[in-house]
Amino acid sequence: MTPLSSAYQLGLYAVAVNVSEVPLIVNTAVREVMFSADASDNDDKKLSAAARISSLICVIIAGLLIGTVAFWLPFLFGMDFVEAIPVAVVLIFAVALGVPGSIAGSGLSARGRPELRSLSILIACVVNIGLIFVLVPTWGALGAAVATLCGNLLSSNGNIYFAQRFLGISWTSFYGIRRSDLSILRTLLVRLLTRA
């Protein structure tokens, strides 16, 4: 970013990235578990339910972050980083919107098609870099965040497209929330609370 914009804009982006990665904790945990589970038992319903439930949890976390970031970001990082707030909001959206495809990519890898996941990432990377050169000189950190959002959407939906085309899993099964998902989530919460 620094040849295209200032070190200050890079600092704003770095702060925003750290804030936006909080929902990734849930997504990474679910993705890794699903990789192992799906490698041993190719279950389309479990894979898509994991994507939807992980998305729901990440959207809730993202909503809490977006709703409160204006209060705690300046407190934690100082008033010099107030301009990182809109950048963080865009990056939080990028993370939340990429969750279904992340789980779909885990399924592709688990079922012996990791090259398709890599292809999605490669396409997204090329588009992301192109957008950085176009957007960062004018918009700075916000331009980099928009480039990341576009890259995440391409990568995520690329994985879902490949899951539909090569694994036969409907793309609609990765989106939305079902009553059965809420039941699974309630069971998981009860287990967690009883262990605590």
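Residues numbered from 1 in each chain as written. Predicted model: local features only at pLDDT ≥ 70, side-chain atom pairs only at ≥ 80, totals over all residues. Heavy atoms only, no water.

Re the pattern of salt bridges
One pass over the full model with this rule turns up four salt bridges. Notably, a salt bridge pairs Arg31 with Glu32, separated by 3.4 Å at the nearest N-O pair. On the basis of relative accessible area, Glu32 is assigned to the partly exposed category, the value being 43%. In this structure, Asp181 engages Arg52 in a salt bridge whose closest nitrogen and oxygen atoms are separated by 2.6 Å. In this pair, Asp181 is assigned in helix α7 (residues 179-195) and Arg52 in helix α3 (residues 44-77), connecting sequence segments 129 residues apart. Given a relative accessible area of 0%, Asp181 falls into the buried group. (Salt bridge = Lys/Arg side-chain N within 4 Å of Asp/Glu carboxyl O. Buried < 20%, exposed > 50% of the residue type's maximum accessible area, 1.4 Å probe, protein only. Helix = DSSP H or I, 4+ residues; strand = E, 2+ residues; numbered from the N terminus.)

Digging into the nonpolar core
If you look at soluble globular proteins, the nonpolar side chains tend to sit buried side by side. Judged by nonpolar contacts, the single largest core of 24 residues is most densely connected at Tyr13, Val19, Val69, Leu73, Val87, Leu91 and Ala145. Of all the elements in the fold, those that place two or more residues in this core are α1 (7-20), α3, α4 (84-110) and α6 (141-167). Per-element accounting of this core gives the leading share, 10 residues, to α4. Excluding residues within four positions of it along the chain, Val69 makes contact with Val19, Pro74, Ile85, Ala88 and Val89. Membership of the second largest hydrophobic core comes to 14 residues, among which are Met34, Leu47, Ala50 and Phe162. (Core = buried A, V, L, I, M, F, W, Y, C linked by side-chain atoms within 4.5 Å. Contact = heavy atoms within 4.5 Å.)

What about the packing of α1 against α4?
A pair of packed helices can be characterised by two numbers: the angle between their axes and the separation between those axes. Where α1 meets α4, the axes come as close as 8 Å, and the angle between the chain directions of the two elements is 40°. Between α1 and α4, the crossing angle belongs to the class labelled oblique. As for how α1 packs across α4, the hand of that crossing is right-handed. Of α4, the residues touching α1 (which contributes Leu12, Tyr13, Val15, Ala16, Val17, Val19 and Ser20) are Ala84, Val87, Ala88, Leu91, Ile92 and Val95. Here the residues of the contact of α1 with α4 sort into 12 nonpolar, one polar and no charged. (Axes fitted to C-alpha atoms, helices over the stretch in contact; angles between N-to-C directions. Parallel < 35°, antiparallel > 145°, perpendicular 65-115°, else oblique. Left-handed = near helix turned anticlockwise from the far one by under 90°. Nonpolar A, V, L, I, M, F, W, Y, C, P; charged D, E, K, R; others polar.)

Side note on the packing of aromatic side chains
Applying the stated criterion across every chain yields a total of four aromatic pairs. Ring geometry for Trp171 against Tyr175: centres 6.1 Å apart, planes inclined by 70°, an arrangement best described as edge-to-face. An aromatic cluster is present here, built from Tyr161, Phe162 and Phe166 joined pairwise through their rings. The lysine or arginine in question, Arg113, covers the ring of Phe166, its NZ or CZ lying 4.8 Å from the ring centre. (Phe/Tyr/Trp six-rings, centres within 6.5 Å; stacked < 30°, edge-to-face > 60°. Lys NZ or Arg CZ within 6 Å of the ring centre and 35° of its normal.)

Regarding the confidence of the model for the chain
Per-residue pLDDT for the chain averages 94, and the proportion of residues at 70 or more is 100%. Across the chain, the secondary-structure element scoring lowest on mean pLDDT is helix α2 (residues 24-40), at 81, and the one scoring highest is helix α5 (residues 114-139), at 98. (pLDDT = per-residue confidence, 0-100.)

Quick look at α1
Helical geometry note: an α-helix holds 3.6 residues per turn, so side chains three or four residues apart project in the same direction. Helix length check: α1 (14 residues) gives 20 Å between terminal C-alpha atoms against 20 Å at 1.5 Å per residue, within 8%. Turning to α1, its buried residues number three or more, namely Gln9, Leu12, Tyr13, Val15, Ala16, Val19 and Ser20. Seen along its axis, α1 keeps its buried residues to an arc of 165°; they face one direction. Against α3, α4, α5 and α6 lie the buried residues of α1. (Expected span 1.5 Å × (residues − 1). Arc of directions from axis to C-beta.)

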